[in-house]
Amino acid sequence: MAGPAYDRLIFELSSPGRTAYSLPEADVPGKALASLLPPRYLRAEPPALPEVSEFDVVRHYSRLSRMNYGVDTHFYPLGSCTMKYNPRINEDMARLAGFAHLHPLTPERGSQGALRLMDELAQALGEIAGMDAVSLQPAAGAQGELAGVLMIRAYHRARGERRTKVLVPDSAHGTNPASTAIAGYEVVQLKSDANGEVDLGDLERNLDGSVAAFMVTVPNTLGLFETRIIEITELCHAQGVQVYMDGANLNAILGVTRPGDLGFDVCHFNLHKTFTTPHGGGGPGAGPVGVRAHLEPFLPAPVVVKRAERYALDWKRPKSIGKLQAFWGNFGMLVRAYAYIRTMGADGLRSVAENAVLNANYVMKRLEAHYDLAAPGPCMHECVVSARRQKKLGVTATDIAKRLLDLGFYAPSTYFPLIVEEALMIEPTETESKETLDAFCDAMIQIAREAETDPAPIHDAPVTTPVGRLDQTKAAREPDLRWTPSQTR
Ligand SMILES: *Cc1c(COP(=O)(O)O)cnc(C)c1O
């Protein structure tokens, strides 16, 4: 196969007796360690660990790190994921010893700084989203959704109402119906209209006293702002229906408009998208959830409170949906997001949205002659194109995604949203330069031309990556991820 060879596994580099250290013999008198441990904890055979030198270890992992594809090395236009640059100052702040070494069970008098940071972050997020109270506990957007839906359920129950359904548009992220179903609701899917927005007629037909909530992403997953959103939230409220905003796309509207002002009752944030904490393999996420005042009693416990200049964790919350997450949430992520918000300031946050929207529209304009658009523009912070024209020539969205890897770019999200045939969802983010966007658009245009004239390199792609085209079904059904000692011995 062309391209760089597989790196050998570290087990395959092993040579009997080789070690990564040399220490003098211990001069502490006493029993051998083995005789201090109960025999049932002792191995009969030594573990099959690789025997390598320190230099072998350093080179092996340095080589592996260069096979990694990340936002630090390449443009990463993965739609709906906001793969933007994480300023390193945020990493430095999270590593300050006072934060990084603080045990989560440190008594309140010894953790005032951390509690203050959590209180101020919750307030900043509340201000950004127009929400009255924010819980920092959820570890991901999906868990924020679950928390939000559970609070809505608790709210209706407290009012003596048994509502059984949640309405979700067909353009929704898969987590929306999933968290709704986990909370025990029946999910009712609503249609999108020809422009990709919520079909108001379908919404009205389904709105009645059996509906607990309407859950919608703004801007939606087609990268469009729901122009009739205020009408939508009012229609819902008239039926006692709570309105949930999936805030994963908040990057598009930061400092420009606020979910609370649009009439939303609940909204989650993805700190690992909008607020530049690491994403995917970079670390855990954080998905705080904000609510309007009527839902505040139901927030997950505990909540950070400030009483007489002291910060404390308040557990006495009889209506709370309970605790959701180990300790108080993924604290390191909270420090990063706090540092980001404080260093950006209000004007900086607004410019994030403005530049993210500008960049996405630039990409859309450059591509519109070469690919079909999922919806007429302008778009918000991401644009969705369809490869349906290319598919007629035998080139699918997957093929285009693979070819992009050979041309030096990470692929956009493919086949999402589900309502767009051969979807390619491109989110450039505000942190990329015009030069990078142009290089990406040039690659996309080159692929569109190849589809018409010479599709062979598209079908062979990728040839420059460590692994070529996989049998995707087999990779998903029979993942072979485990090395067993017998493989080399
Ligand atoms: C990413 C995303 C989610 C889920 O967030 P996680 O942090 O991955 O759980 C939900 N909705 C939309 C629109 C998203 O893009």
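**Q** So what exactly am I meant to see when it comes to the sheet that holds strand β13 (residues 423–426) here?
**A** Sheets are built from strands paired through backbone hydrogen bonds, the pairs being either parallel or antiparallel. Reading across the sheet, the four strands line up as β10-β11-β13-β12 and stay open at both edges, with antiparallel pairing between neighbours. In the strand order of this sheet, the two ends are held by β10 (372–373) and β12 (413–414), each with one partner. Judged from the two bridges that link them, β10 and strand β11 (residues 383–386) form a sheet pairing that is antiparallel. Bridge assignment links Leu373 to a residue of β11, and that residue is Val385.

**Q** Even after reading the chapter, I still don't get the domain arrangement of the chain, so can you show me in this structure?
**A** You'll often see interface size given as the accessible area lost when the parts meet. Assigned domains of the chain: these are domain 1 (19–65), domain 2 (88–343) and domain 3 (350–476). A C-alpha centroid distance of 30 Å is found between domain 2 and domain 3. Counting residues at the interface gives 21 residues for domain 2, matched by 20 residues for domain 3. Across the domain 2/domain 3 interface, buried area totals approximately 1,600 Å², and carbon plus sulfur atoms make up 65% of it.

**Q** I keep staring at the site of the ligand and nothing clicks. Help me out?
**A** Within the structure, the ligand sits among 13 residues, and Ser80, Gly141, Asp246, His272 and Lys273 are positioned closest to it. Separating an oxygen atom of the ligand from a backbone N or O atom of Gly141 is a distance of 2.7 Å. Contact distances for the ligand include 2.8 Å between an oxygen atom and a side-chain N or O atom of Lys273. Out of a free accessible area of 380 Å², the ligand has 88% covered by protein chains. Its residues assigned to classes, the shell around the ligand shows three nonpolar, seven polar and three charged.

**Q** When you look at the sheet that holds strand β4 (residues 211–217) in this model, what are you seeing that I'm missing?
**A** Judged by pairing direction, the sheet is mixed, and its seven strands sit side by side in the order β1-β7-β6-β5-β4-β2-β3 without closing on themselves. Looking along the sheet, the strands with just one partner apiece sit at the ends: β1 (133–135) and β3 (186–190). With direction set aside, neighbouring strand axes in the sheet form an average angle of 20°. One ladder, built from two bridges, connects strand β5 (residues 242–246) with strand β6 (residues 266–268); its direction is parallel. Following the sheet pairing, Met245 is matched in β6 by Cys267.

**Q** Would you mind going over the nonpolar core with me for this structure?
**A** The tendency in soluble globular proteins is for nonpolar side chains to be buried side by side. Core analysis: the biggest nonpolar cluster contains 56 residues, and Leu125, Phe214, Phe264 and Phe275 have the highest contact counts within it. Mapped by element, the contributors of at least two residues to this core are α5 (112–129), β3, α8 (200–206), β4, α9 (229–238), β5, β9 (310–314) and α10 (331–367). For this core, the leading source of residues is α10, giving 11 residues. Of the residues that make up this core, three or more belong to each of domain 2 (88–343) and domain 3 (350–476). With sequence-adjacent residues up to four places away left out, Phe214 is seen in contact with Leu167, Pro169, Leu190, Val198, Leu203, Ile232, Cys236, Val241, Gln242, Val243 and Tyr244. Of all hydrophobic cores here, the second largest spans 27 residues; its members include Val363, Cys379, Val385 and Phe409.

**Q** Can you help me understand empty space enclosed by the protein in this one?
**A** Using a probe with the size of a water molecule, rolled over the atoms, empty space left in the structure can be pinpointed. The full count for this structure, using the stated rule, is one cavity of 30 Å³ or more. Roughly 50 Å³ of internal volume is contained in the largest cavity. Considering the residues around the largest cavity, the lining is formed by Leu222, Leu224, Met364, Leu373, Ala374, Ala375, Cys379, Cys383 and Val384. The residue makeup of the lining of the largest cavity, split by class, is nine nonpolar, no polar and no charged.

**Q** Explain a nonpolar patch on the surface to me, please; I cannot follow it from the model alone.
**A** Residues Leu36, Leu37 and Leu42 make up a contiguous nonpolar surface patch of roughly 270 Å² in combined accessible area. Note that Leu42 resides in the loop between α1 (33–36) and α2 (54–67). On the accessibility criterion, Leu42 (37% relative accessible area) is partly exposed.

**Q** Explain the state of the cysteines to me, please; I cannot follow it from the model alone.
**A** Following the criterion strictly, the structure yields zero disulfides and no others. No disulfide involves Cys81; its nearest neighbouring cysteine sulfur is the one of Cys383, lying 15 Å away. For Cys81, a relative accessible area of 19% corresponds to the buried category. Just so you know, Cys379 is unpaired, no disulfide at all, and the nearest cysteine sulfur is the one on Cys383, 5.1 Å from it. Given a relative accessible area of 6%, Cys379 falls into the buried group.

**Q** What is the right way to look at the packing of aromatic side chains in this model?
**A** A full pass over the atoms with the stated rule returns 11 aromatic pairs. An angle of 55° between the planes, with centres 5.3 Å apart, marks the rings of Tyr69 and Tyr410 as tilted. Here Tyr410 lies in the loop between α12 (397–406) and β12 and Tyr69 lies in the loop between α2 and α3 (88–94), a separation of 341 residues in the sequence. Accessibility expressed as a relative area gives 24% for Tyr69, which makes it partly exposed. Connected via pairs of aromatic rings, a cluster forms that spans Tyr69, Tyr76 and Tyr410.

**Q** Where do I start with the pattern of salt bridges in this structure?
**A** Once the charged atoms of two side chains with opposite charge are near each other, the side chains can pair. On inspection of all chains with the given rule, the structure shows 29 salt bridges. The closest approach of N and O atoms between Arg342 and Glu120, which form a salt bridge, is 3.6 Å. In this pair, Arg342 is assigned in helix α10 and Glu120 in helix α5, connecting sequence segments 222 residues apart. Judged by its relative accessible area of 55%, Arg342 is exposed. Residue Arg403 is joined to Glu450 by a salt bridge in which the shortest nitrogen-to-oxygen separation is 2.9 Å. In this pair, Arg403 sits in helix α12 while Glu450 sits in helix α13 (residues 434–453), placing the two residues 47 residues apart along the sequence. Overlapping salt bridges bring together Arg366, Lys434, Asp438 and Asp442 as one network.

Rules of the game
Residues numbered from 1 in each chain as written. Predicted model: local features only at pLDDT ≥ 70, side-chain atom pairs only at ≥ 80, totals over all residues. Heavy atoms only, no water. Pairing = 2+ DSSP bridges. Helix = DSSP H or I, 4+ residues; strand = E, 2+ residues; numbered from the N terminus. Domains from an automatic or database assignment. Contact = heavy atoms within 4.5 Å. Buried area = accessible area lost by both parts, 1.4 Å probe. Near = heavy atom within 4 Å. Polar contact = N/O pair within 3.5 Å; in protein donor to acceptor, adjacent residues only side chain to side chain. Areas by Shrake-Rupley, 256 points an atom, 1.4 Å probe, with all protein chains shown as cover. Nonpolar A, V, L, I, M, F, W, Y, C, P; charged D, E, K, R; others polar. Axes fitted to C-alpha atoms, helices over the stretch in contact; angles between N-to-C directions. Core = buried A, V, L, I, M, F, W, Y, C linked by side-chain atoms within 4.5 Å. Buried < 20%, exposed > 50% of the residue type's maximum accessible area, 1.4 Å probe, protein only. 1 Å grid on protein atoms, 1.4 Å probe; cavity = no way out; pocket = protein on both sides within 12 Å on 5 of 7 lines; lining within 4 Å. Points joined across faces, edges and corners; volume = space filled by probe spheres on them. Patch = residues over 30% accessible without salt bridge, like charges linked within 9 Å, V, L, I, M, F, W, Y side chains within 5 Å. Salt bridge = Lys/Arg side-chain N within 4 Å of Asp/Glu carboxyl O. Disulfide = S-S within 2.5 Å. Phe/Tyr/Trp six-rings, centres within 6.5 Å; stacked < 30°, edge-to-face > 60°.

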